[in-house]
Amino acid sequence: MRNGSIVTTVSGTDVRASGCIPTPRRGRGSVAGFDVLTELQRDADVLAETIAAAITAEGGGDVFVASHPARSDGHRHIALSISASGVATPSSWWDVLSEAVDSNPGNGIGLALDDRYIGLPQLREPLADAVQAHRTRRSGRVIVFPGCTTNAGTVMVEELLATSAIDRVRVLAGGRADPGSLVRTRNFLRPRWDDGELVLDTQPAAGGALVPFETPFPTPCCQSQG
Amino acid sequence: MTHDHGNGSNHHSHEPHDHSHGDGDGDEPLAPATDLSIDDTELSPCQLGRRRFLRNAGLLGAGAATASVIGPAVESAAAAAERPSSHSSGGFQWLAGDHHIHTQYSPDGQYRVIDHVRHAGAYVLDWMVITDHGSLQHAKIGVEKVNPDIIAARREVADVLVFQGLEWNIPSAEHGTVFVHPGPNEVAVLKAFENSYDGVVTNTTASSPENETLAITGLHSLKQAVRSQQVHDALMLANHPARKGFDSPHEIRGWRDAEPRIAIGMEGAPGHQAAGIPTPDGPGSARGYYDYAPDPVNSFAGYPMESYRTFGGFDWMTATVGGLWDSMLAEGKPWWITANSDSHQIWADTSQRGPNSDFTDNGYFDDPIHITSPQLVNGDFWPGFYSRTHVGADRPGYAAVMRAMRAGRLWVDHGHLVNALDIRLRASTGQEAPLGGVLTAKRGTAVSLVIRIRTAMLPNWSQFLPALAKVDVIRGLVTGPVSDQDTFTAPDTRVVKSYDVSGMSDVIALTYPLGRLVDGYYVRMRGSDGNRLAVGLNGAAVDPAGPAMDVEGDADPWNDLWFYTNPIWAVPT
């Protein structure tokens, strides 16, 4: 399916894919929620990739892991949501995620899958929100998705759309992306779900290329908050 | 001298304690009604009525800073009597400065105080503020050790006013400049403030309601330091406000409304303007180092991605017509913009930090040493080299600079785009208001914006004569205080006039008729070299040719120059 025929269409200033990359279908399949009260985005990324690797090893198929701003008892942190097309049964999911929980001892945890939940009571509701955002593809910063690692270096927009789950490439401030525009990925893609679409935000960069909005190495700030 | 000083003088009084000139703590003789530091309960019934009127008109605050709202006719008459009306810079001495500069007492700094002050003097700055980062080391060591260096620099470079300040880690938010009038307690006040209210020192940088409250308490403490005459004056301005989305609209409004005579504004343009110079000639980063993404824990969730980038070198809050800044001005309250270097390490400089320095233990880096290789990975300019904040002081001296900043007599430019500006609102009756002021006139009075621009007459520090290509008038309706403190749009603000001034030189004189005064409004101006223009984020009907978003890794700052003024309000009586 990945290499099936792809039609790119230019709509407004964005380039969309009308393709056949598997994405989590709305309202179907299991979506897990996972919360260890992570506060740093880079820690959430590492956690997401660890979980994705474990699920992939279980035959995870098309794996999506997304992060969501969460709040419990006024405490702002990051929750994760996970879906995998190829995991046979919810129970094998549970095993994988429980292992991830065990390896992340911290201030507290929450783990949600279908009607099961373990962890701190106050994380139950934010996790349910994260799961729902993932299920409906309403929102979420997507860390792991089909094509996230194969699109390294510099790729054309149409190629990116054809070989990944990304539905649309948007350019900040009303800029324009063409199918042939080059995206210098910096090997770091963090698209987001927006109203059902997986959107990669980009911006103009040196050499006429686009770069993703989010850089893997933002300027260190000596007194930063995080 | 490449800049115009209004009365032709470029000589300052450099006495830190200028009591004899009546500068005092920088206060103007304000009516109590407009001084928000005075509680309602302390006002006379007459003053309370006055305040209610102003509050209902959405104008309380503007008057507090300028006094013009309560007596423009008096002010104007005084101006006519005392100020040379023919003067191109409005009767004020326009003093160029920079309130955001780091030295070897910052953990990411490098230079001595005297290095910065001598460069600032050479690049024709009149005033500057040393603002090393708040930190454990700085609170313990740096805040004291930098002081003798500053005092020595005041003596050695007599043409430059040197304030001591601090780059405050605002609890729950971004950084801000805090600085005080020179005096025997300048260190004590700054040190006490840093120890009690700096986010890093007190571990309160994380976003939370408690930490937001601590920031407000810190501002109150500065006011108290002035009120108790520990220092003559103190000011706070938010630095690089949109860089990381940490300064939510309600926090900014909270600072302004809590202490309007202390928290007066923000950087309209951040420093680090060389950061976007392409590799291998420069860092190849984002202009201003604005290369961040929202932080899910600390950023205000409502900001769009564009807010994390610069536009023509300016911060999104300022660069967006109808954006956050305009939403604050539309409330009828003062909030001013500045432009600074944020100098840490200078692009193409041939020095480096003192080798084998131990900042952690010593609280400073050893003096820099010469190296052969120009440091093209550095992203900053010397103070005065590129970014300037022009202050319309009514006399020389520290207190006058602070007073003028509080009054909003401020405009900013990059690359020395223009030499001088004189912008006034003028009523048909002859009343006038300067930048930061409020023109009040009878409903139906005809009002004009009177503009005089003195173009650059000498090359800038990149050795070319900048050419102004266009000038825009931005007008917004005063709609009163917002109910949602996180508002960051002003739907009734737009560019109402653009002048093509290409090829004009010397003095550009323009008059823009604003019609008869019906509803309260404000106007502000901006101008450009015309090199990089784009439709604004709120569409062509609002801003058809505004600053373009800067290109990451390819932003030569000298090819994209802008000036911005602060606003002037017009209010019917």
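Described in the following lines is the structure provided in the data block. (Residues numbered from 1 in each chain as written. Chains lettered and ligands numbered in written order. Predicted model: local features only at pLDDT ≥ 70, side-chain atom pairs only at ≥ 80, totals over all residues.)

1. What about the overall build of chain A?
Counting its secondary structure elements, chain A contains four helices and 14 strands. The buried share among the 226 residues of chain A stands at 45%. Contacts spanning at least 24 positions in sequence make up 67% of the contacts within chain A whose residues lie at least 6 apart. (Helix = DSSP H or I, 4+ residues; strand = E, 2+ residues; numbered from the N terminus. Buried ≥ 20, exposed ≤ 12 C-beta atoms within 10 Å, placed from the backbone. Contact = placed C-beta atoms within 7 Å.)

2. Some remarks on the overall build of chain B
What chain B contains, in helices and strands, is twelve helices and 25 strands. Put simply, chain B has 573 residues, and 62% of those count as buried. Excluding contacts between residues fewer than 6 apart, the proportion of contacts in chain B whose partners are at least 24 apart in sequence is 79%.

3. Focus: the packing of helix H5 (residues 136–156) of chain B against helix H6 (residues 186–197) of chain B
Residues and elements named next belong to chain B. Running from N to C, H5 and H6 point in directions that differ by 160 degrees, and their axes come no closer than 10 Å. With respect to H6, the element H5 is oriented roughly antiparallel. Crossing hand, H5 versus H6: right-handed. For the pair H5 and H6, the contacting residues are His-138, Ala-139, Val-143, Glu-144 and Asn-147 in the first and Val-187, Leu-190, Lys-191, Glu-194 and Asn-195 in the second. (Axes fitted to C-alpha atoms, helices over the stretch in contact; angles between N-to-C directions. Parallel < 35°, antiparallel > 145°, perpendicular 65-115°, else oblique. Left-handed = near helix turned anticlockwise from the far one by under 90°.)

4. Here's the deal with the interface of chain B and chain A
Between chain B and chain A, the residue contacts involve 33 residues of the former and 25 residues of the latter. A per-class count over the side of chain B that touches chain A returns 16 nonpolar, ten polar and seven charged. (Nonpolar A, V, L, I, M, F, W, Y, C, P; charged D, E, K, R; others polar.)

5. Let's talk about the sheet that holds strand E20 (residues 507–516) of chain B
All names here are of chain B. The strand order across the open sheet formed by four strands is E15-E14-E17-E20, and the pairing between neighbours is antiparallel. Of all strands in the sheet, those bounded by a partner on one side alone are strand E15 (432–433) and E20. One ladder, built from nine bridges, connects strand E17 (residues 446–455) with E20; its direction is antiparallel. Note that in E20 the partner of Val-450 across the bridge is Thr-511. (Pairing = 2+ DSSP bridges.)

6. Some words on the environment of Ser343(B)
Residues and elements named next belong to chain B. With respect to the element layout, Ser-343 can be found in the loop between strand E9 (336–339) and strand E10 (349–352). What makes Ser-343 buried here is the crowd of 32 C-beta atoms within 10 Å. The spatial distance from the C-alpha of Ser-343 to the C-alpha of His-100 is 7.3 Å, given a sequence separation of 243 residues. Excluding residues that lie within four positions of it along the chain, Ser-343 makes contacts with Ile-101, His-102, His-116, Gly-271, Asp-380, Phe-381, Trp-382 and Pro-383.

7. Focus on the nonpolar core
Residues Val401(B) and Leu439(B) are the most contacted members of the largest nonpolar core, which totals 147 residues. With eight residues, helix H12 (residues 398–407) of chain B is the largest single contributor of residues to this core. With residues near it in sequence (within four places) discarded, Val401(B) still touches Leu95(B), Gly97(B), Trp127(B), Leu161(B), Val391(B) and Ala393(B). Core analysis: the second largest hydrophobic core is formed by 57 residues, Ala44(A), Ile82(A), Cys148(A) and Val551(B) among them. (Core = buried A, V, L, I, M, F, W, Y, C linked by C-beta atoms within 7 Å.)

Function cannot be read off these values alone, since they describe shape.
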